[in-house]
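# Observations on the three-dimensional arrangement
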Amino acid sequence: MSTFKYINNIEKNEKYYETTLQGKQLLNHSLLNKGTAFTQQEREDFFLLGKLPPVIETLTVQVERAYLQFKRYTVALSQYIYLTRLRDTNETLFYALVYTYLAEMMPILYTPIVGAAIQEFSHEFRTPRGLYLTRENQNTMSQMLQNRTHPEIEMIVVTDGEGVLGIGDQGLCAIDIPIAKLMVYTLFAGIHPGNTLPIVLDVGTNNKNLLDDPFYLGIKKSRLQGKEYFDFVDDFVAQIRHAFPKAFIHWEDFGSKNAAAILNKYATQCCTFNDDIQGTAVVASAAVIAAIEGQKLTWNSQKIIIFGAGAAGTGIAKLLTQCMHHSGLTKKEIAQRLVLIDKPGLLTTNTPDITPEQNHYLYPAELCESWQTDAQGGVELAEVVEQFKPSVLIGCSAVAGAFTQAIVKNMASSVARPIIMPLSNPTERAEATPAQLLSWTNNQAIVATGSPFAPVNIDGKIKDIPQCNNALVFPGIGLGCLVAKAELLTDEMLLAASRALANTAPMLNDLSAAVLPAFSQAREVSVDIALAVAQAWFVQAQLPKIDSKELKTTIEQRMWEPMQYIPIYKA
Ligand code: NAD
């Protein structure tokens with residue numbers, strides 16, 4: 001299987017590829033192909049003479065040409081397809097191009113356009129990438145893992161496609177999500193693309209449009225459920241742990257019930273991470289930490305409402321609870337300072353049908369006996385804001401417009417700078433827009449959103465709106481686990497990641513600035529997060545701590561970046 005080896009000799013500061021490939025095979029290998037950048041000597045050594053135009057180009061010139069080609073496409077999906085094809089032929093050029101035009105290309109390759117690409121997957125399919133593990137071939141799963149293209153895998157992103165972005169069940173087509181996430185691991189955390197493996201578990205789909213589509217490329221059966229489903233996942237984890245015992249397993253876009261069950265089961269067995277639950281919690285908590293500490297406030301002056309107590313909401317509640325606990329608040333005090341609201345209204349100790357995840361955050365019923373209730377006996381958001389007087393309001397409900405003018409104005413009447421984070425995606429599902437929040441609070445609201453929003457013009461001054469994007473955290477978390485050879489990813493490590501991200505917030509130095517850094521800083525942010533996560537693991541595992549400066553250098557030297565590596569023939 002192995003046709004190349006990436007050598008990163010840190011002591012000698014040498015990075016190169018050893019390969020057995022020559023001629024056309026070398027040109028066809030997306031990781032080794034340098035195209036017109038192969039030097040004269042390399043052309044002679046690798047039997048490439050005559051197979052390339054004679055001009056020898058630098059990576060910079062190649063990037064300029066690729067950008068011109070990219071710009072010829074005016075439809076976002078066509079741009080996505082162009083970039084995907086480029087990656088299939090020359091990954092160095094692909095990553096160099098994306099680095100150079102990061103702000104322009106991230107929305108094409110990641111959210112939101114990857115969502116459109118997934119919906120068109122079976123129609124636009126050209127070349128396969130990653131592994132498609134199907135329920136029909138469960139007994140050959142180990143063989144399918146052996147069939148992977150690259151031998152040394154350290155980073156796996158897996159989906160079963162049930163809960164993709166805001167577009168629900170996408171079956172096998174969701175493979176584009178692990179591909180996009182792994183691209184972000186490479187871009188922001190320097191994980192070598194040859195050490196990554198995107199996987200879709202094709203357990204069927206309940207999406208009728210897909211089942212009726214003659215071009216649909218997945219298994220045309222309804223989803224596995226219950227024991228059959230969990231047996232399949234169990235088998236998958238066992239095979240992965242056998243084939244790649246040290247790999248980091250990242251779960252993405254599973255249905256929320258299965259996601260929580262999978263995380264609860266495997267988090268104590270191996271180094272595993274659910275981005276929808278834990279990644280969201282880390283980035284959202286970091287924004288809250290930065291907003292509180294930036295204003296030099298304390299946790300015991302905070303009251304937090306999380307509106308929408310599903311996967312994201314309860315994940316954020318868990319991490320914020322730990323922040324409050326670390327600040328010295330007792331369990332009882334925390335219960336009176338952080339509340340959840342879901343469809344029945346405020347979740348209290350009297351609310352029936354509570355999920356196991358919600359169960360930890362129930363407001364004492366005796367404290368809200370006098371609060372106004374709706375016809376079903378629930379306490380709605382407006383009344384909770386009136387009585388509870390929150391300083392932080394986080395939306396994870398996908399209920400568009402839930403943060404009304406009256407609610408926001410009421411909140412702003414009792415706190416100088418309300419922290420309001422409408423995290424719901426896509427854009428049209430946001431609980432409020434940043435422009436509304438700023439205008440209703442006399443520009444005092446501290447805002448971070450789930451979807452990207454255009455900057456807001458405040459009296460001629462342009463204010464950028466920070467996005468609570470998980471891409472700011474998961475690359476650093478994965479990198480930190482790999483560097484530390486962590487056997488588990490614990491809550492303490494997630495909290496360390498959140499604090500590390502909060503420490504990079506522009507708001508800490510300028511009260512009018514954003515509570516989260518921009519993507520352009522993501523690589524440095526990933527290093528900081530990786531360092532914090534690794535150190536937290538050493539503490540938890542009672543391993544000797546490593547000097548932070550030394551560890552930071554190790555992390556930075558490990559990170560791959562697109563450059564023209566020298567190939568060396570090794571038979
Ligand atoms: P989920 O389905 O697990 O949770 C949504 C919750 O909202 C459910 O518990 C649901 O009952 C509740 N809800 C629905 N209607 C409500 C109402 N009228 N009042 C109160 N609660 C109501 O989904 P999730 O994975 O938690 O995602 C929720 C939203 O957060 C989505 O829009 C998602 O795109 C967004 N999200 C954002 C980020 C981010 O910003 N980084 C990350 C993850 C999720």
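Residues numbered from 1 in each chain as written. Predicted model: local features only at pLDDT ≥ 70, side-chain atom pairs only at ≥ 80, totals over all residues. Heavy atoms only, no water.

### Observations concerning the state of the cysteines
Under the defined criterion, the tally for this structure stands at zero disulfides. Of all cysteine sulfurs in the structure, the one in Cys271 sits closest to Cys270, which takes part in no disulfide; the separation is 7.7 Å. (Disulfide = S-S within 2.5 Å.)

### What to know about the sheet that holds strand E10 (residues 345-346)
In a beta sheet, neighbouring strands are held together by backbone hydrogen bonds and run either parallel or antiparallel to one another. Within the open sheet, the six strands sit side by side as E10-E9-E8-E11-E12-E13. Their pairing is mixed. Strands at the two margins of the open sheet, each flanked by one partner only, are E10 and strand E13 (446-447). Bridge count between strand E9 (residues 338-342) and E10: two bridges; the pairing is antiparallel. Considered in E10, the bridge of Asp342 is made with Gly345. Relative to the sheet, helix H14 (residues 275-294) contacts strand E11 (392-395), strand E12 (419-422) and E13, its axis offset from that of E12 by approximately 160°. (Pairing = 2+ DSSP bridges. Helix = DSSP H or I, 4+ residues; strand = E, 2+ residues; numbered from the N terminus. Contact = heavy atoms within 4.5 Å. Axes fitted to C-alpha atoms, helices over the stretch in contact; angles between N-to-C directions.)

### Focus: the sheet that holds strand E2 (residues 14-19)
Pairing in this open sheet of three strands is mixed, and the strands run E1-E2-E16 from one edge to the other. Two strands close off the open sheet at either side, each with one partner strand: strand E1 (4-9) and strand E16 (566-569). Across this sheet, the average inter-strand angle for adjacent strands is 30°, counted without regard to direction.

### Structural notes on the site of the ligand
The local shell around the ligand holds 20 residues, among which Ala311, Ala312, Asp342, Cys468 and Asn470 are the closest. At 2.9 Å, a backbone N or O of Ala311 approaches an oxygen atom of the ligand. One nitrogen or oxygen atom from the side chain of Asn470 is found 2.7 Å from a nitrogen atom belonging to the ligand. Protein chains bury 75% of the 850 Å² of accessible surface belonging to the ligand in isolation. (Near = heavy atom within 4 Å. Polar contact = N/O pair within 3.5 Å; in protein donor to acceptor, adjacent residues only side chain to side chain. Areas by Shrake-Rupley, 256 points an atom, 1.4 Å probe, with all protein chains shown as cover.)

### So, the pairing of E9
Within a regular strand, side chains alternate between the sheet's two faces. Counting buried positions along E9 gives four out of five residues, so the element sits mostly inside the fold. Summarising the sheet, strand E8 (residues 304-307) and E9 pair through four bridges and their orientation is parallel. Residue pairing across strands places Ile304 opposite Leu338, the latter belonging to E9. Between E9 and E10, which follow one another and run antiparallel, lie two residues. (Buried < 20%, exposed > 50% of the residue type's maximum accessible area, 1.4 Å probe, protein only.)

### A word on the side chain of Thr134
Inspection of the secondary structure assignment puts Thr134 in strand E3 (residues 131-134). In this structure Thr134 comes out as buried when scored by relative accessible area, which is 10%. Within the structure, Thr134 has its side chain in polar contact with the side chain of Asn137 (distance 2.9 Å).

### Observations regarding the packing of helix H3 (residues 59-72) against helix H5 (residues 91-100)
Taken N-terminus to C-terminus, the directions of H3 and H5 make an angle of 75°; their axes are 9 Å apart at the nearest point. Our classification of the angle between H3 and H5 gives roughly perpendicular. Across the interface between the two elements, Leu59, Gln62, Val63, Ala66 and Tyr67 from H3 touch Thr92, Leu93, Ala96, Leu97 and Thr100 from H5. A per-class count over the contact of H3 with H5 returns seven nonpolar, three polar and no charged. (Parallel < 35°, antiparallel > 145°, perpendicular 65-115°, else oblique. Nonpolar A, V, L, I, M, F, W, Y, C, P; charged D, E, K, R; others polar.)

### Side note on unusual backbone geometry
Cis rather than trans, the peptide bond between Thr111 and Pro112 has omega equal to 5°. The omega angle of the peptide bond from Asn425 to Pro426 is -15°, so this bond is cis rather than trans. The backbone of Ala398 sits at a positive phi, close to 60°, despite the residue not being glycine. Here Ala398 lies in the loop between E11 and helix H18 (405-412).

### Observations regarding the nonpolar core
Counting 142 residues, the largest nonpolar core has Phe248, Trp299, Ile394, Met421 and Ile477 as its most contacted members. Mapping this core onto the domain boundaries places at least three of its residues in each of domain 1 (1-109 + 558-571) and domain 2 (278-470). With near-sequence residues (within four places) excluded, Phe248 lies in contact with Glu154, Met155, Ile156, Tyr185, Cys271, Phe273, Ile477, Gly478, Cys481, Leu482 and Leu489. (Core = buried A, V, L, I, M, F, W, Y, C linked by side-chain atoms within 4.5 Å. Domains from an automatic or database assignment.)

### A word on the side chain of Ser285
Within the secondary structure layout, Ser285 lies in helix H14. Residue class for Ser285 comes out buried when judged on its relative accessible area of 0%. In this structure, Ser285 is in contact with Ile316, Leu319, Leu320 and Ser498, ignoring residues within four places of it in sequence.

### Observations concerning the pairing of strand E4 (residues 155-159)
In terms of burial, E4 is largely enclosed, as five of its five residues are buried. Of the two faces of E4, the one carrying Met155, Val157 and Thr159 and the one carrying Ile156 and Val158 are both buried. Taking the sense of rotation as the criterion, the β-α-β connection linking E4, helix H10 (residues 176-189) and strand E5 (residues 196-202) turns out right-handed. Two elements, E4 and strand E6 (residues 248-251), share four bridges in a ladder whose sense is parallel. Opposite Val158, over in E6, you have Trp251 as the bridge partner. (Right-handed = clockwise from strand over helix to strand, strands pointing away.)

### A closer look at H14
A rise of 1.5 Å per residue sets the reference length of H14, with its 20 residues, at 28 Å; its end C-alpha atoms lie 26 Å apart and thus fit the reference within 8%. At the N-terminal end of H14, a side-chain oxygen is found 2.9 Å from the backbone nitrogen of Asp276, two or three residues along, and the residue is Asn274. Downstream of H14 by one or two residues, Lys296 has phi in the positive range, about 60°. (Expected span 1.5 Å × (residues − 1).)

### With respect to the environment of Leu501
With respect to the helices, strands and loops of the structure, Leu501 is situated in helix H21 (residues 491-502). Expressed as a C-alpha distance, the spacing of Leu501 and Ile289, which sit 212 residues apart in the sequence, is 9.4 Å. Leu501 has contacts with Val283, Ala286, Leu472, Val473, Leu516, Pro517, Val525 and Ile529, leaving out every residue within four places of it along the chain.

### Comments concerning the domain arrangement of the protein
Where the parts come together, the accessible area they lose is often given as the size of the interface. Each domain of the protein was delimited in the assignment, giving domain 1 (1-109 + 558-571) and domain 2 (278-470). Relative to domain 2, the C-alpha centre of domain 1 lies at a distance of 45 Å.

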